[in-house]
Amino acid sequence: MIAPVHHVVGLTSIVRERILPISGNLLVRQGQKVSATEVIAEAKLPREHTLIDVARALQISPTAAERLVRCKVGERLAAGTEIAKGKGLFANAIKVPREGTVVAVGGGQILLETSAAKVELKAGVPGTVIEVLPGRGAVVQAAGSLVQGVWGNDKIEIGALVNLMNAPDDTLTESKMDVSLRGSILLGGMIQNKEALRAAADLPARGLIVPSIAPALIALAREMPYPIVVTDGLGALPMNSAAYRLLTTNAKREAVINAESYNRYTGAKPEVIIPLPISSEPPPSPDAQTLAVGLQVRMLRPPALGALGVIEKMLPGLTVLPSGLHAPAAEIKLESNEIIIAPLVNLEVVG
Amino acid sequence: MPASLVDGNSLLAVDIGGATTRAVLFDVVEGQYRFIASGIAPSTAEAPFKDVSEGVKNAIENLQTVIGKSLLDSGRGLITPSQPNGSGVDALVVTLSVGATLKTVIVGLLKDVSLDSAQRLTSSTYTRIVDTISLNDTRKPEQKIDSLLRHQPDLVIITGGTDGGASRSIQKMLEPIGLASFLMPEEKRPAVLFAGNQKMEAEVKSLIGSLSSSVHISPNVRPSLETEDLDPAERELAHIFVEIRKRQIKGVDLLNLWSGGHILPTAYASGRMVRFLAKAYGGSKGILSVDLGASAASIAAAFKGTSRLNIYPQYGQGENLEHLLKYTTADEILRWSPLDISKDALNDYLYQKSLYPSTIAATKEDLAISQAIARQALYLAMQTARKNFPSDIAQIKLNLTPLFDPIIASGGALSDASRPGSGLLLLLDSIQPVGISTVILDQNNLLPLLGSAASRNNILPVQVMESGAFLSVGTVVAPAVIAAQNAPIMRATLTYENGSETKLELKYGSLQTLPLPNGEVGKLSFQLLKGADLGYGPGRAPKEGVPVTGGALGVIFDGRGRPLNLPADAARRRELIKKWQWALGDE
């Protein structure tokens, strides 16, 4: 069976296709070096409109109203600008109630775009633009250590990585954070209360990398002004040993925390990148691999949820699991040396 | 069926679910179509694969290892038609439920008329209503435009106006839709289905035809105020669903090519099959199909001359689980668990399973959580669907499930053939059938595939249904009654084909079974006590008895009353649930 790969890797080539949700303007060129927080493309997302019905206001037919309209699509109008005037000695004038851009004119009606949100697409990884996708985005390549997570709050930052964890199952508490951590990306423990999230915001921290977070805190975590990457899951899970080793050994280095939301269809995942100097491009890690003896895997469901292990034996046919269900399965030797049987669909390759 | 009516063509049917893809081969054996074998693989719509055809090819490869012949060539293309050396198949049909729920806006004139019809139409496929526009909508046109732009719907369904009736009001409601579509980037524009006043067809096409990704016109869902006709619009909606998926998900277009356009939404195909069964075999009771999968909970019911298809993506057991607690509470879910599970453990499960929908329960505790969630999801789906059933159907009380026979169950949680007792108890708890019903487990999820196959070969579904490809669990006897715990509510005698008899006294609150092997028909005579009702009136029973068919669990007597009330005391409730599990051989 082919399983997806969850990347926790010391040195790899990282290639990311970054695309705007709607068409817009590209701000970079092929070969350009970019930082992770650099805006590489932008677009305008219309948010509010005002519809002005000239025909109705002047109590004339749409055809007659159309002849009186004095603005064109694309025109930027200040509040109070006259856009149509009736006929006669004391004719009514129609004025624009708010500043806006004309986006449609027809049938004696004018549609003004009065507010738009700017969508900025950041590079997400510090590297080189290797391909431009006109009007949509770019492909950026970088090299470094990569730790992917399972949940993120859609923010991105760069900063020095500071380790606050003594063990993979530490809990991050308010008392562990002081003013000396201001502007750092914190490698903290499990988040089990809102005070820890708020204390990091008060510092303010540049970002937070945690193994797990209580589901009740998800809404608050989304509102935090700094990026949060959860490496292992929701609930009270320790950090997987591979991510813990890699992140703790890279403490004090500059890190990129891209807390992009997990999107099962595009493959976007929250991730932490530690850029490393290279003399030649390292090979990229595969995104999927056939499960086989010797591969390092992570358990996606109990027993040993979140634990890492190595496939010891692929079991033939269907195996009856302790739950009573029948499924293709493998014997996994966990890091604790315990051997468990897990269905193949509950495994994710780590590498 | 005479062999001459069978043209001998083999048919491969593929179902692409949110978690699993299944390839099933049907072929002619001794002059009759038979289910030959199936191959299963994880679905591959998601990253890193991002192409559903990969999962389909993997499932076909697994099928190949079972049947020992090639269906794919060396380049992994489908071999069609079948070759003299035995490789390949003659035809392919596909059903799919995979993909994110379609964001849908419904538009209608009046709340209790066209909007209600639009809502019912929408629930016949995998959709989520994100906005509703009607005559009663007090928002300004620009606010409607902004809402449409914010929601970026995949689909807009417009109803309203009886044929030849109001047109000016509908035209007014079309304007914001046209303007919003005009402002959207071309690739984000929604598909539009118009199922209103047929006089408006040309106007709809001219107003929004060029501004939507595609405009579809179907006959009016409300040709008159008193009449509702959803069937043609449901058919059109099924095609629109596939069209949208072709744009959204890579690989669907390849399967469309391989199948010659024979692709249907899974639940729609199941609904078609249930309608067919009602026509072919239906009696005074309805026919019910329930499917609980990763994408949705689906309830398809057919009655004499009418049918209802209801799809509830919010109750799917996959990526939507994260939001399940918007529709129910942790207590309501955990009341079904035989183990003491904490709310935290339930929360963790819901999030973890929504992150990894393909994963399965490996431990007893995980299974208890997953089955408690499945029970509550199906219970909610049935309660919602029941409100949508016609009023003139066979039923004992308005607040109970109508009389159905048979009940067909499919989907991972329900149809595991190795544990029929587990699936049956889940069904009894959530659907709470009343009266006497045959229960069939569709362990290979064949029902939608047969519904889809019917478009290519109308003999195949009949012959496969009659060939025993489904697992009969047995006959459920569930009286509607309220009595004191352990009070006798029914005395029954089961007479076997060889003339021997077995007797049983059913006590209130218990589940009991009498053996009756698969394929055997027995005669059940019974006396009802305490006003118990099996559909013949309180305390009444036919003098001549009723025929009952056997199955894996024989005849199952559910004396727990309707509606099913679980004890409030948690410890007692868990003990009782364990007893019920044991009664049905599920430990």
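Treat the numbers as computed from the prediction; the structure is a model and nothing was measured.

Criteria and cut-off values
Residues numbered from 1 in each chain as written. Chains lettered and ligands numbered in written order. Predicted model: local features only at pLDDT ≥ 70, side-chain atom pairs only at ≥ 80, totals over all residues. Helix = DSSP H or I, 4+ residues; strand = E, 2+ residues; numbered from the N terminus. Rg over C-alpha atoms; globule rule 2.2 N^0.38 Å. Buried ≥ 20, exposed ≤ 12 C-beta atoms within 10 Å, placed from the backbone. Contact = placed C-beta atoms within 7 Å. Axes fitted to C-alpha atoms, helices over the stretch in contact; angles between N-to-C directions. Parallel < 35°, antiparallel > 145°, perpendicular 65-115°, else oblique. Left-handed = near helix turned anticlockwise from the far one by under 90°. Nonpolar A, V, L, I, M, F, W, Y, C, P; charged D, E, K, R; others polar. Domains from an automatic or database assignment. Pairing = 2+ DSSP bridges. Core = buried A, V, L, I, M, F, W, Y, C linked by C-beta atoms within 7 Å. Expected span 1.5 Å × (residues − 1).

Caption draft 1: Region of the structure containing the overall build of chain A. From N to C terminus, chain A includes five helices and 27 strands. Here the C-alpha atoms of chain A give a radius of gyration of 27 Å, more than 25% beyond the 20 Å that 2.2 N^0.38 yields for 351 residues. Referenced to the eigenvectors of the C-alpha coordinate spread, the extents of chain A come out at roughly 95 × 55 × 45 Å. A buried classification covers 44% of the 351 residues belonging to chain A. Long-range contacts, defined here as pairs at least 24 residues apart, represent 61% of the contacts in chain A between residues at least 6 apart.

Caption draft 2: Looking closely at the overall build of chain B. For chain B, the count of helices and strands is 15 helices and 22 strands. For 587 residues, the compact-globule formula gives about 25 Å, and the C-alpha radius of gyration of chain B, at 25 Å, lands near that figure. Its C-alpha atoms put chain B at 70 × 65 × 50 Å along the principal axes. Residues classed as buried in chain B amount to 54% of the 587 residues present.

Caption draft 3: Seen up close, the packing of helix α3 (residues 141-151) of chain B against helix α4 (residues 168-183) of chain B. Residue and element names in this part refer to chain B. Contact geometry for α3 and α4: axes closest at 9 Å, N-to-C directions at 45 degrees. When the axes of α3 and α4 are compared, the pair comes out oblique. Crossing hand, α3 versus α4: right-handed. Counted together, Pro-141, Lys-144, Ile-145, Leu-148 and Leu-149 of α3 and Glu-175, Pro-176, Ile-177, Leu-179, Ala-180 and Leu-183 of α4 form the full contact between these two elements. Of the residues belonging to the contact of α3 with α4, the class tally is nine nonpolar, no polar and two charged.

Caption draft 4: Examining the domain arrangement of chain B more closely. Residue and element names in this part refer to chain B. Segmentation of chain B into domains returns domain 1 (3-96), domain 2 (102-245) and domain 3 (268-583). Spacing between the C-alpha centres of domain 1 and domain 3 amounts to 30 Å. At the level of secondary structure, the elements contributing two or more residues to the side of domain 1 that touches domain 3 comprise β1 (11-16), β2 (20-29), β3 (32-42) and β4 (91-96). Broken down by element, the residue count for the side of domain 1 that touches domain 3 peaks at six residues, all from β3. Here the residues of the side of domain 1 that touches domain 3 sort into 13 nonpolar, six polar and three charged.

Caption draft 5: Representation of the sheet that holds strand β18 (residues 501-507) of chain B. Residues and elements named next belong to chain B. The strand order across the open sheet formed by four strands is β18-β17-β20-β21, and the pairing between neighbours is antiparallel. In this open sheet, the two edge strands, each paired with only one partner strand, are β18 and β21 (546-549). Neighbour to neighbour, the strand axes of the sheet diverge by 30 degrees on average, direction disregarded. Sheet topology places strand β20 (residues 521-528) next to β21; four bridges connect them, and they run antiparallel.

Caption draft 6: Region of the structure containing the domain arrangement of chain A. Partitioning chain A into domains gives domain 1 (5-38 + 123-275), domain 2 (45-117) and domain 3 (289-350). On a C-alpha basis, the centroid separation for the pair domain 2 of chain A and domain 3 of chain A is 66 Å.

Caption draft 7: Representation of the interface of chain B and chain A in the model. Taken together, the contacts link 37 residues of chain B with 38 residues of chain A. Those elements that provide at least two residues to the side of chain B that touches chain A are α3, α4, α10 (343-355) and α11 (364-386) of chain B. Of the residues forming the side of chain B that touches chain A, the biggest block, six residues, is contributed by α10(B). Taken together, the residues that form the side of chain B that touches chain A break down as 19 nonpolar, six polar and 12 charged.

Caption draft 8: Representation of the sheet that holds strand β25 (residues 329-334) of chain A within the structure. Residues and elements named next belong to chain A. Strand order across the open sheet formed by seven strands is β20-β1-β27-β21-β22-β25-β26, with mixed pairing between neighbours. Of all strands in the sheet, those bounded by a partner on one side alone are β20 (288-290) and β26 (339-343). Going across the sheet, the axis of each strand differs from the next one's by a mean of 50 degrees, ignoring polarity. Of the strand pairs in this sheet, strand β21 (residues 296-299) and strand β27 (residues 347-350) are connected by three bridges, and their pairing is antiparallel. In the sheet register, Met-299 faces β27, and the bridge partner there is Leu-347.

Caption draft 9: A look at the environment of Leu300(A). Mapped onto the secondary structure, Leu300(A) falls in the loop between β21 and β22 (308-314). A tally of 24 C-beta atoms within 10 Å means that Leu300(A) is categorised as buried. On a C-alpha basis, the gap between Leu300(A) and Leu347(A) in space is 5.9 Å, while along the polypeptide they are 47 residues apart. In this structure Leu300(A) touches Asn346(A), Leu347(A), Glu348(A), Tyr356(B) and Thr359(B), once residues within four positions along its chain are discounted.

Caption draft 10: Structural detail: the nonpolar core. Within the largest apolar cluster, 276 residues are counted, with the highest numbers of intra-cluster contacts made by Phe26(B), Ile157(B), Leu193(B) and Leu378(B). Beyond its immediate chain neighbours, meaning those up to four positions away, Ile157(B) contacts Thr104(B), Ile106(B), Val107(B), Ala118(B), Leu121(B), Thr122(B), Leu193(B) and Ala195(B).

Caption draft 11: Just α11(B), in detail. The end-to-end C-alpha separation of α11(B) is 32 Å, in line with the 33 Å expected for 23 residues at 1.5 Å each. Counting buried positions over the 23 residues of α11(B) gives 17, a clear majority of the element.

Caption draft 12: Quick peek at α10(B). Given a rise of 1.5 Å per residue, 13 residues ought to cover 18 Å, and the 18 Å separating the end C-alpha atoms of α10(B) matches this to within 8%. When we look at burial in α10(B), the residues that qualify are Ala345(B), Leu346(B), Asp348(B), Tyr349(B), Leu350(B), Gln352(B) and Lys353(B). Check the buried side of α10(B) and you find it contacts β17 (228-234) of chain A together with α9 (330-334) and α11 of chain B.

Caption draft 13: The pairing of strand β14 (residues 156-163) of chain A, seen in detail. Inspection of the sheet shows β14(A) paired to strand β18 (residues 254-258) of chain A by five bridges, in the antiparallel sense. Residue Ile156(A) lies in a different strand from β18(A), and its bridge partner there is Asn258(A).

Caption draft 14: View of unusual backbone geometry. Cis peptide bonds are those with omega within 30 degrees of zero, and the linkage from Leu203(A) to Pro204(A) qualifies with -5 degrees. Locating Pro204(A) in the fold gives a position in the loop between α3 (194-202) and β16 (207-213). Of note, the bond from Pro302(A) into Pro303(A) is cis; its omega dihedral lies within 30 degrees of zero at 5 degrees. Residue placement: Pro303(A) occurs in the loop between β21 and β22. Within the chain, Lys50(B) stands out as a residue other than glycine whose phi angle is a positive 55 degrees. Residues other than glycine seldom take positive phi values, yet Arg76(B) does so here, at roughly 65 degrees. The class of Arg76(B) is partly exposed, set by 13 C-beta atoms lying within 10 Å.

Caption draft 15: Seen up close, the packing of α11(B) against helix α12 (residues 420-431) of chain B. All names here are of chain B. Remark: α11 packs on α12, axes separated minimally by 8 Å, with the N-to-C direction vectors making an angle of 40 degrees. As judged from the angle between their axes, α11 and α12 are oblique. Read as a crossing pair, α11 and α12 show a hand that is right-handed. Only Leu-426, Asp-429, Ser-430 and Ile-431 of α12 make contact with α11, whose side of the interface consists of Gln-371, Ala-374, Arg-375, Leu-378, Tyr-379 and Met-382. Looking at the contact of α11 with α12, its residues break down into six nonpolar, two polar and two charged.

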